[in-house]
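# Coordinate analysis (summary)
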Amino acid sequence: MKGWVAMRSNFIRLAVVLLVVAASGESAWADGGTVRLVEEVGDYRISVFTSPNPLRAGPVDVSVLVQDAETAEPIADAHVFVRLVSRDQREVALHAVATSAAATNKLLQAALVELPTPGSWDVEVDCTCNASSHVVRFAMKVGPPVPRWFAVWPWFTWPLGAVLVFGVHRHLVARKQLVG
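Structural notes, computed from the coordinates. For clarity, every value in this text was computed on a predicted model and none was experimentally measured. (Residues numbered from 1 in each chain as written. Predicted model: local features only at pLDDT ≥ 70, side-chain atom pairs only at ≥ 80, totals over all residues. Heavy atoms only, no water.)

## Quick look at the overall build of the protein
Worth spelling out the cut-off: Only DSSP runs of H or I with at least four residues qualify as helices, and only runs of E with at least two residues qualify as strands; both kinds are numbered from the N terminus onward. Relative accessibility decides the category of a residue: with a 1.4 Å probe and only protein chains considered, values under 20% of the type maximum give buried, values over 50% give exposed, and everything between is partly exposed. Working rule for contacts: check all heavy atoms of both residues, and any pair within 4.5 Å makes them a contact. Calculation of accessible area relied on Shrake-Rupley with a 1.4 Å probe; when residues are assessed, cover is drawn exclusively from the protein chains displayed.
Across its full length, the protein holds 2 helices and 8 strands. Counting over 180 residues, the protein shows a buried share of 33%. Excluding contacts between residues fewer than 6 apart, the proportion of contacts in the protein whose partners are at least 24 apart in sequence is 56%. Just so you have it, the protein exposes about 11,300 Å², and 63% of that area is on carbon and sulfur atoms.

If you want it as structure tokens, here you go:
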């Protein structure tokens, strides 16, 4: 019987941990994300990452790592400019400066851009290092925005988890009193 109670106790702990993780809200912004491009241009290797995954209209983190192509050492003093143009609506163009101040990982240059519409986007990253400019380009597909209720559901449902844990606890206490 003690083994069964211990197993239930472990189950309750697991349920509480899963509830806390699920209730953490929207995705935390983190440098890096999905690798969109790694390209050697001149003496440099430029890597571009985007987050979240999958990409959706709304806030998108574009992070860039500029490295020396031979030594793979990061270039900290690179100036990085990001330009995004909607293929569906050419008049929609976004410009951002990626900086290490905006990045948690100081090896990267990061920019947070707000993509207003879903669809195909052309991305151009211009890196200026030691008076030479290098441009890389790629395309990315952006899905529709996440519904607002999806982003806030944990804030409305967490009491259900607390009630569930309390109910299971009361059930176990009542059962223990009947058995003991």
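## What to know about the side chain of D61
Heads up, the condition is: Any pair of N or O atoms that falls within 3.5 Å is considered a polar contact. Within protein, one atom must be able to donate a hydrogen and the other to accept it, and sequence-neighbouring residues count only if both atoms are side-chain atoms.
Within the element layout of this structure, D61 appears in strand 3 (residues 58–68). Side-chain polar atoms of D61 contact the side chain of S63, separated by 2.8 Å.

## Structural notes on the nonpolar core
Quick note on the threshold: Put simply, buried Ala, Val, Leu, Ile, Met, Phe, Trp, Tyr and Cys residues joined by side-chain atoms within 4.5 Å make one nonpolar core.
Formed by 32 residues in total, the largest nonpolar core has its most connected members in V48, V66, V80, L84, L115, V125 and M140. Tallying contributions element by element places strand 7 (residues 119–129) first for this core, with 5 residues. Sequence-distant contacts of V66, defined by excluding residues within four places in its chain, comprise Y44, R45, E73, P74, I75, A78, V80, C127 and C129. If you look at the next biggest cluster of nonpolar residues, it comprises 5 residues, including F49, L65, A103 and A110.

## Focus: the sheet that holds strand 1 (residues 34–41)
In a beta sheet, neighbouring strands pair by backbone hydrogen bonds and run either parallel or antiparallel. Quick reminder of the rule: Strand pairing is assigned whenever DSSP detects at least two bridges linking the two strands. To define axes, lines are fitted to C-alpha atoms, for helices over the stretch in contact only, and angles between the resulting N-to-C directions are given on a 0 to 180 degree scale.
The 4 strands lie next to each other as 1-2-3-6, forming an open sheet whose pairing is antiparallel. Every other strand in the sheet has two partners, leaving strand 1 and strand 6 (109–115) as the edge strands with one partner each. Between one strand axis and the next, the sheet turns through 20° on average, direction left out of account.

## Brief notes about the pairing of strand 2 (residues 44–51)
Remark: a regular strand shows side chains that alternate across the two faces of the sheet. Burial of strand 2 is extensive: 7 of the 8 residues sit out of reach of the surface. What sits between strand 1 and strand 2 in their antiparallel hairpin is a turn of 2 residues, with G42 showing a positive phi close to 65°. With 8 bridges joining them, strand 2 and strand 3 adopt antiparallel strand pairing. Across the sheet, S51 pairs through a bridge with D61, a residue of strand 3. Hairpin geometry of strand 2 and strand 3 is characterised by an intervening segment of 6 residues between the two adjacent antiparallel strands.

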